[in-house]
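Results of the structural survey
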Amino acid sequence: MLKIKIINKGHQPLPQYATAQSAGMDLRANLEEPIVLRPMERRLVGTGLYIALPEGYEAQVRPRSGLALKRGITVLNAPGTVDADYRGEIGVVLINLSQEDFVINDGERIAQLVIAKHEQADFEVVAELDETERGAGGYGHTGVK
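Residues numbered from 1 in each chain as written. Predicted model: local features only at pLDDT ≥ 70, side-chain atom pairs only at ≥ 80, totals over all residues. Heavy atoms only, no water.

1. Describing the sheet that holds strand β2 (residues 24-28)
- The strand order across the open sheet built from four strands is β2-β11-β6-β8, with neighbouring strands paired in antiparallel fashion. The open sheet has two edge strands, β2 and β8 (80-82), and neither has a second partner. Strand-to-strand, the axes of this sheet are offset by a mean angle of 35°, without reference to chain direction.
- Sheet analysis places strand β6 (residues 57-62) next to strand β11 (residues 109-117), joined by six bridges and oriented antiparallel. Bridged to Q60 within β11 is V114. (Pairing = 2+ DSSP bridges. Helix = DSSP H or I, 4+ residues; strand = E, 2+ residues; numbered from the N terminus. Axes fitted to C-alpha atoms, helices over the stretch in contact; angles between N-to-C directions.)

In structure tokens:
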């Protein structure tokens, strides 16, 4: 299991996996008072959490499917990326895509955090790319079946 250093300056419990095979851990709002998120409004919501990821890893901040389906609340920059060298508070950019106000209460599960390994790339400039069956076919190119 990967060890990640964490500071909790908030008053919520640390994120944890709900089941043995969960990919993400719930992030909770760390608030002094509730926030009313009006339709089409976006806000940065603090978690009180600060982490130090190992080099080669990122933390992805993703929407919670239940909030998205039932309430129209999602993470605007999904997935948000927490880089290994970032030491600030983990914040969640939420947007209300519904027609109704949504109240974010202290301790509300607002997003999930997924830890992922990644690679860095070094671009090699070339005159042309190798041919593939798909070629330059873009959005919708592979059909609807």
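There's more to say after this.
2. Section: the environment of Y17
- Mapped onto the elements, Y17 comes out in the loop between β1 (5-8) and β2.
- Taking relative accessible area as the criterion, Y17 reaches 36% and is therefore assigned partly exposed.
- Along the chain, Y17 and L113 lie 96 residues apart, while their C-alpha atoms are 9.7 Å from each other.
- Once residues lying within four places of it in the same chain are set aside, the contact partners of Y17 are S22, A23, G24 and M25. (Buried < 20%, exposed > 50% of the residue type's maximum accessible area, 1.4 Å probe, protein only. Contact = heavy atoms within 4.5 Å.)

3. A closer look at the side chain of N96
- Relative to the assigned elements, N96 resides in strand β9 (residues 91-96).
- Residue classification places N96 among the buried residues on the basis of a relative accessible area of 0%.
- For N96, the contacting residues outside a window of four places in its chain are L37, R38, P39, M40, E41, R71, G72, I73, D101 and F102.

4. Brief notes about the environment of I104
- Inspection of the secondary structure assignment puts I104 in strand β10 (residues 102-104).
- On the accessibility criterion, I104 (0% relative accessible area) is buried.
- Separated by 70 residues in the primary sequence, I104 and P34 have C-alpha atoms spaced 5.5 Å apart.
- If sequence neighbours within four positions are ignored, I104 has contacts with A29, L31, P34, I35, L37, V45, L94 and I110.

5. Quick notes on the sheet that holds strand β7 (residues 73-75)
- Ordered in space as β4-β9-β7, the three strands form an open sheet in which the pairing is antiparallel. Single-partner strands in this sheet number two, and they are β4 (42-46) and β7. Taking the axes of each pair of neighbouring strands and ignoring which way they run, one obtains an average angle of 35° across the sheet.
- One ladder, built from three bridges, connects β7 with β9; its direction is antiparallel. By the bridge assignment for β9, I73 is matched with N96.

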